[in-house]
Amino acid sequence: MPCLSGDALYSVPASSTHFGDAQCDASLNERRSSERHRLVLQMATLTTDLEQQLCLVLNIGAGGMKVRYFGNAPEGSAVTVSMRGDQKFHGHVSWRTGDLLGIRFNEKLNELVEGCAVLDSGARKRSPRLPVHFQAQIWCEGALTSVRVVNLSPSGAAVIISGKPPRLRQVALKVPGLASFPAQVRWSDGDRIGLSFNTPLLFTQLQRLVSLSSLNTRAAVRNAA
């Protein structure tokens, strides 16, 4: 059975796996199976007219994809799914059951779908960054420094630091009320620092951080009104 760790991708032929959608009607299953190329587990970003959130791509074919998504995207919504390597898929939500979405592409794909489904061919591709806004701290040499996290991915984050950048590469990003994430400083530019997590974040961890960012954004909008 495929598994997901961070933004790592594991893909197997769809014909060799049973995904367990027994509640779907037979005609829908037949249509999906005829189009589906691969069962894929990869984090991506899903953008609608109202928001941009993380999603988990479950499978993909020439005509569409199935994703797990916790945001607001009712049937008929126009969406863009951005995956690793700057691959973007434009379409609309054709069905939704709970947090599972079926996305129908605006145009059927050919070579691009195979390139996306077999990204484990060698070169490591950068995963999509999600703009966020929440306060955190960087722990380094026994001291804590306040930072603002401005973008996030399974493999790292960009932060704006209030104070001097840490002298050591090995740090930890501490989020109040959540976990501490060991990381390395990969680059710095003025008060902006790029972090690479020692262990890629899980989808559930990312969802918590994105939810924290959404709460802060809504609070800022209410305060400005």
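Conventions used here
Residues numbered from 1 in each chain as written. Predicted model: local features only at pLDDT ≥ 70, side-chain atom pairs only at ≥ 80, totals over all residues. Heavy atoms only, no water. Helix = DSSP H or I, 4+ residues; strand = E, 2+ residues; numbered from the N terminus. Contact = heavy atoms within 4.5 Å. Areas by Shrake-Rupley, 256 points an atom, 1.4 Å probe, with all protein chains shown as cover. Salt bridge = Lys/Arg side-chain N within 4 Å of Asp/Glu carboxyl O. Buried < 20%, exposed > 50% of the residue type's maximum accessible area, 1.4 Å probe, protein only. pLDDT = per-residue confidence, 0-100. Polar contact = N/O pair within 3.5 Å; in protein donor to acceptor, adjacent residues only side chain to side chain. Pairing = 2+ DSSP bridges. Axes fitted to C-alpha atoms, helices over the stretch in contact; angles between N-to-C directions. Phe/Tyr/Trp six-rings, centres within 6.5 Å; stacked < 30°, edge-to-face > 60°. Core = buried A, V, L, I, M, F, W, Y, C linked by side-chain atoms within 4.5 Å.

Focus on the overall build of the protein chain
- A count of helical and extended segments in the protein chain gives 3 helices and 13 strands.
- Residue pairs at least 24 apart in sequence account for 56% of intrachain contacts in the protein chain once pairs closer than 6 positions are excluded.
- For the protein chain, the exposed surface amounts to about 11,600 Å²; the carbon and sulfur share of it is 51%.

A closer look at the pattern of salt bridges
- In total, this model carries 1 salt bridge according to the counting rule given.
- A salt bridge links Arg 68 to Asp 99, with the shortest nitrogen-to-oxygen separation between them at 3.0 Å. Of the two residues, Arg 68 is situated in strand E4 (residues 64-68) and Asp 99 in the loop between strand E6 (87-97) and strand E7 (100-105); the sequence distance between them amounts to 31 residues.
- With relative accessibility at 26%, the residue Arg 68 sits in the partly exposed group.
- Judged by relative accessible area, which is 21%, Asp 99 ranks as partly exposed.

What to know about the confidence of the model for the protein chain
- Scored by pLDDT, the protein chain has a mean of 76; 70% of the residues are at 70 or more.
- No element of the protein chain has a lower mean pLDDT than strand E1 (residues 10-13), which averages 39, and none a higher one than E7, which averages 95.
- The low-confidence segment residues 30-36, where pLDDT is below 50, has 13 contacts with residues more than four positions distant or belonging to other chains.

Structural notes on the environment of Arg 68
- Expressed as a C-alpha distance, the spacing of Arg 68 and Leu 100, which sit 32 residues apart in the sequence, is 4.7 Å.
- Separated by 3.0 Å, the side chains of Arg 68 and Asp 99 make a polar contact.

Brief notes about unusual backbone geometry
- A positive phi angle, near 55°, is found at Glu 141, a position not held by glycine.
- Assignment of secondary structure puts Glu 141 in the loop between strand E8 (130-140) and strand E9 (143-152).
- Owing to a relative accessible area of 45%, Glu 141 belongs among the partly exposed residues under this scheme.

Some points on the sheet that holds strand E10 (residues 156-161)
- Within the closed barrel, the 6 strands sit side by side as E8-E9-E10-E13-E12-E11. Their pairing is antiparallel. Each neighbouring strand pair of the sheet contributes to a mean axis angle of 45°, computed without reference to strand direction.
- Summarising the sheet, E10 and strand E13 (residues 192-197) pair through 5 bridges and their orientation is antiparallel. Paired with Ile 160 across the strands is Arg 192, a residue of E13.

Some remarks on the packing of aromatic side chains
- Going through the model one piece at a time under the given rule, you end up with 3 aromatic pairs.
- With centroids separated by 5.5 Å and ring planes inclined at 25°, the aromatic side chains of Phe 89 and Phe 105 adopt a geometry described as stacked. With Phe 89 in strand E6 and Phe 105 in strand E7, the pair connects residues that are 16 residues apart, well separated along the chain. Both residues of the pair, Phe 89 and Phe 105, count as buried.
- Aromatic pair Phe 181 and Phe 197: ring centres 6.0 Å apart, planes at 55°, arrangement tilted. Of the two residues, Phe 181 is situated in strand E12 (residues 180-189) and Phe 197 in strand E13; the sequence distance between them amounts to 16 residues. Of the two residues, Phe 181 and Phe 197, both sit in the buried class.

A word on the nonpolar core
- Within the largest apolar cluster, 33 residues are counted, with the highest numbers of intra-cluster contacts made by Val 149, Leu 152, Val 159, Leu 173, Leu 195 and Phe 197.
- In terms of residue count, the dominant contributor to this core is E8 (6 residues).
- Apart from residues no more than four positions distant in its own chain, Leu 152 is found in contact with Pro 128, Arg 129, Leu 130, Val 132, Ala 157, Phe 197, Leu 201, Leu 206 and Leu 209.

Quick notes on the side chain of Thr 48
- In this structure, Thr 48 sits in the loop between strand E2 (36-47) and strand E3 (52-61).
- Since its relative accessible area comes to 12%, Thr 48 is described here as buried.
- At a separation of 3.1 Å, a polar atom in the side chain of Thr 48 contacts the main-chain amide nitrogen of Leu 50.
- When neighbours within four sequence positions are excluded, Thr 48 is seen to be in contact with Asn 72, Ala 73, Ala 78 and Val 79.

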